[in-house]
Amino acid sequence: MRRLLALLWLPPLLTGTLTACGDAEETRSAMTVRVLVRDINIRPEGVECAGTGPYTHFHNRAPFQVIDAAGRTLAEGSLSSGTSVATFAEDLEVARVPTYCEFAVPVNLVARDTYRLVVDGHPPIDLTPNSSEGPALVAVVPS
């Protein structure tokens, strides 16, 4: 009788163990994806902006995905509004200066060796780790 009970309980125990191993979630880390679009517009610093010219797909609500080297989606969402940042560090003493448009979106990602950003179906952009302003993945477009 003990053998019969053992045989009846063994398959469910093994199945439960295998399922638990397969459901293990990878640890995610909070970071920011920062993209600097070099559109070189003349505008005030700190105002909302969007990409211009060949970069019009960088805008508020544009869909994005962060993918790994194999093309698996690690995070997705919509871009927030860009913010204009000065192209030059020096003070030009004028209200409107040459700027780039910077997009920053928070994400939670699993650790990978390679990250890429896809914006609105356009070709992927390589992201580089940078911790100068907290944990982030950064890109400059065009690179």
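An unreviewed UniProt entry lists the protein under the name Lipoprotein, with Micromonospora viridifaciens as the source organism.

1. Section: the layout of surface pockets
Looking at the largest pocket, its volume works out to about 230 Å³. Among the secondary structure elements, those contributing two or more residues to the lining of the largest pocket are strand E1 (28-43) and strand E9 (136-141). Broken down by element, the lining of the largest pocket gets its largest block of residues, four residues, from E9. Tallied by class, residues from the lining of the largest pocket come to seven nonpolar, two polar and three charged.

2. Description of the nonpolar core
Counting 27 residues, the largest nonpolar core has Phe58, Val66 and Leu109 as the members making the most contacts within it. For this core, the elements supplying multiple residues, two or more each, are E1, strand E3 (63-67), strand E4 (73-78), strand E6 (97-110), strand E7 (115-119), strand E8 (125-130) and E9. Top element by residues in this core is E6. It accounts for six residues. Here Leu109 is in contact with Thr27, Arg28, Ser29, Met31, Val66, Leu74, Ala75, Tyr115 and Leu137, once residues within four sequence places are set aside.

3. Considerations on the state of the cysteines
Evaluated as defined, the whole model comprises one disulfide. Cys49 shares a disulfide with Cys101; S-S distance 2.1 Å. When the S-S torsion is 100°, as for the bridge of Cys49 with Cys101, the disulfide is right-handed. Of the two residues, Cys49 is situated in strand E2 (residues 48-49) and Cys101 in strand E6; the sequence distance between them amounts to 52 residues.

4. As for the sheet that holds E2
Spatially, the nine strands line up as an open sheet ordered E2-E5-E6-E1-E9-E8-E7-E3-E4, and their pairing is mixed. One side of each edge strand has no neighbouring strand; the edge strands of this open sheet are E2 and E4. Strand direction decides the pairing type here: E7 and E8, joined by three bridges, are antiparallel. Looking at the pairing, Leu117 lines up with Ile125 of E8.

5. Some words on the pattern of salt bridges
Scanning the entire structure with this criterion turns up seven salt bridges. The partner of Glu102 in a salt bridge is Arg34, with the nearest N and O atoms 3.5 Å apart. Of the two residues, Glu102 is situated in strand E6 and Arg34 in strand E1; the sequence distance between them amounts to 68 residues. Note that Asp39 is salt-bridged to Arg43, the shortest N-O span being 3.1 Å. Like Asp39, the residue Arg43 is buried in the burial classification. Where salt bridges share partners, they join Glu26, Asp68, Arg72 and Arg112 into one cluster.

6. A closer look at the environment of Ser80
Topologically, Ser80 is positioned in the loop between E4 and strand E5 (82-86). The sequence separation of Ser80 and Ala104 amounts to 24 residues, and the corresponding C-alpha distance is 7.2 Å. What Ser80 contacts, discounting residues up to four positions off in sequence, is His59, Asn60, Phe103, Ala104 and Val105.

Criteria and thresholds
- Residues numbered from 1 in each chain as written.
- Predicted model: local features only at pLDDT ≥ 70, side-chain atom pairs only at ≥ 80, totals over all residues.
- Heavy atoms only, no water.
- 1 Å grid on protein atoms, 1.4 Å probe; cavity = no way out; pocket = protein on both sides within 12 Å on 5 of 7 lines; lining within 4 Å.
- Points joined across faces, edges and corners; volume = space filled by probe spheres on them.
- Helix = DSSP H or I, 4+ residues; strand = E, 2+ residues; numbered from the N terminus.
- Nonpolar A, V, L, I, M, F, W, Y, C, P; charged D, E, K, R; others polar.
- Core = buried A, V, L, I, M, F, W, Y, C linked by side-chain atoms within 4.5 Å.
- Buried < 20%, exposed > 50% of the residue type's maximum accessible area, 1.4 Å probe, protein only.
- Contact = heavy atoms within 4.5 Å.
- Disulfide = S-S within 2.5 Å.
- Pairing = 2+ DSSP bridges.
- Salt bridge = Lys/Arg side-chain N within 4 Å of Asp/Glu carboxyl O.

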